[in-house]
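One letter stands for each residue in the lines below.
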Amino acid sequence: MPQKEFETAYPPIDADPHFRRVVRYFRPSDYYAMAGATVAFPGALYLMENADPARGKGKLGAAMKLSAFLGLCGGFLYAYQRSTFRFWGWTENEREQSMAQAEAASGNVIGQGKSSLTKEMQGAAYRNSIFSQLNLAVLPWFNVVDHEYHGTQQTQ
């Protein structure tokens, strides 16, 4: 299946990276962004509650736990998207290029192994997950299938 080629400022690594590969390539800044969102959500709730209390004092326990969980989920999706942008070549990706080249040299590239799916099913999985990271806020959809459709890639 031909993949549309895009002009990017940095060389693309993988058009449809596997979930585990994206998470393995997280940078410390991605973890900081995830932690910031985890803290910001309950922090904003606490500040809003102090500004205009809706409940009595000390009754925010469950709401704070839920807001911390939602902040963690949102922070993870944000970090995942940032990492994916580096795979696509939309942001600076020198570190990821060297990691991908080392991974290709070892012959153990996550997401490009032997798949038990038919070619048609691999194509369907690819079409469903390509560029799905642009809509993570609407429907979190990740590539968890090994397939041969990865677009422009230096590691092949």
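Below: a short report on this structure. Note that this is a predicted model, so its numbers are computed, not measured.

**As for the overall build of the protein**
Alright, step 1. Within the protein one finds 5 helices and 0 strands.
Alright, step 2. Relative to its full complement of 156 residues, the protein shows a buried share of 35%.
Alright, step 3. Within the protein, residue pairs in contact and separated by at least 24 positions form 85% of the contacts whose partners lie at least 6 positions apart.
Alright, step 4. Put simply, the protein shows about 9300 Å² of open surface, and 62% of that area lies on carbon and sulfur atoms.

**Remarks on the pattern of salt bridges**
Alright, step 1. A full pass over the atoms with the stated rule returns 9 salt bridges.
Alright, step 2. With its nearest N and O atoms 3.0 Å apart, the salt bridge here joins aspartate 14 to arginine 21. Of the two residues, aspartate 14 and arginine 21, neither departs from the other in class, the shared state being buried.
Alright, step 3. Between arginine 95 and glutamate 96 there is a salt bridge, with its nearest N and O atoms 3.4 Å apart.
Alright, step 4. On the basis of relative accessibility, which here comes to 32%, the residue arginine 95 falls in the partly exposed class.

**Describing the packing of aromatic side chains**
Alright, step 1. One pass over the structure, following the stated rule, counts 14 aromatic pairs.
Alright, step 2. With centroids separated by 5.5 Å and ring planes inclined at 75 degrees, the aromatic side chains of phenylalanine 26 and tyrosine 31 adopt a geometry described as edge-to-face.
Alright, step 3. With a relative accessible area of 44%, tyrosine 31 lands in the partly exposed category.
Alright, step 4. Grouping aromatic residues by their ring pairs yields a cluster made of Phe19, Phe26, Tyr31, Phe76, Tyr80 and Phe142.

**Structural notes on the side chain of threonine 38**
Alright, step 1. Among the structural elements, threonine 38 can be located in helix 2 (residues 28-51).
Alright, step 2. Polar contacts involving the side chain of threonine 38 include one to the main-chain carbonyl oxygen of methionine 34, which spans 2.8 Å.
Alright, step 3. Among all residues touching threonine 38, those that are not within four sequence positions of it are Ala68, Gly71 and Leu72.

**Quick notes on the environment of glutamate 49**
Alright, step 1. With respect to the helices, strands and loops of the structure, glutamate 49 is situated in helix 2.
Alright, step 2. The class for glutamate 49 is buried, based on a relative accessible area of 14%.
Alright, step 3. Remark: the alpha-carbon pair of glutamate 49 and leucine 60, spanning 11 residues in sequence, is separated by 8.6 Å.

**Notes on a nonpolar patch on the surface**
Alright, step 1. Together, Phe41, Leu66, Phe69 and Leu70 line one region of the surface with nonpolar side chains, adding up to about 390 Å² of accessible area.
Alright, step 2. A total of 3 residues in the nonpolar patch trace back to one element, the largest contributor, which is helix 3 (residues 61-88).
Alright, step 3. Checked against the element boundaries, phenylalanine 69 lands in helix 3.

**Quick notes on the packing of helix 2 against helix 3**
Alright, step 1. At a minimum axis distance of 7 Å, the contact between helix 2 and helix 3 shows a crossing angle of 150 degrees. Relative to helix 3, helix 2 is oriented roughly antiparallel. In this structure, helix 2 crosses over helix 3, and the sense of that crossing is right-handed.
Alright, step 2. Per-class residue counts for the contact of helix 2 with helix 3 are 15 nonpolar, 6 polar and 3 charged.

About the cut-offs
- Residues numbered from 1 in each chain as written.
- Predicted model: local features only at pLDDT ≥ 70, side-chain atom pairs only at ≥ 80, totals over all residues.
- Heavy atoms only, no water.
- Helix = DSSP H or I, 4+ residues; strand = E, 2+ residues; numbered from the N terminus.
- Buried < 20%, exposed > 50% of the residue type's maximum accessible area, 1.4 Å probe, protein only.
- Contact = heavy atoms within 4.5 Å.
- Areas by Shrake-Rupley, 256 points an atom, 1.4 Å probe, with all protein chains shown as cover.
- Salt bridge = Lys/Arg side-chain N within 4 Å of Asp/Glu carboxyl O.
- Phe/Tyr/Trp six-rings, centres within 6.5 Å; stacked < 30°, edge-to-face > 60°.
- Polar contact = N/O pair within 3.5 Å; in protein donor to acceptor, adjacent residues only side chain to side chain.
- Patch = residues over 30% accessible without salt bridge, like charges linked within 9 Å, V, L, I, M, F, W, Y side chains within 5 Å.
- Axes fitted to C-alpha atoms, helices over the stretch in contact; angles between N-to-C directions.
- Parallel < 35°, antiparallel > 145°, perpendicular 65-115°, else oblique.
- Left-handed = near helix turned anticlockwise from the far one by under 90°.
- Nonpolar A, V, L, I, M, F, W, Y, C, P; charged D, E, K, R; others polar.

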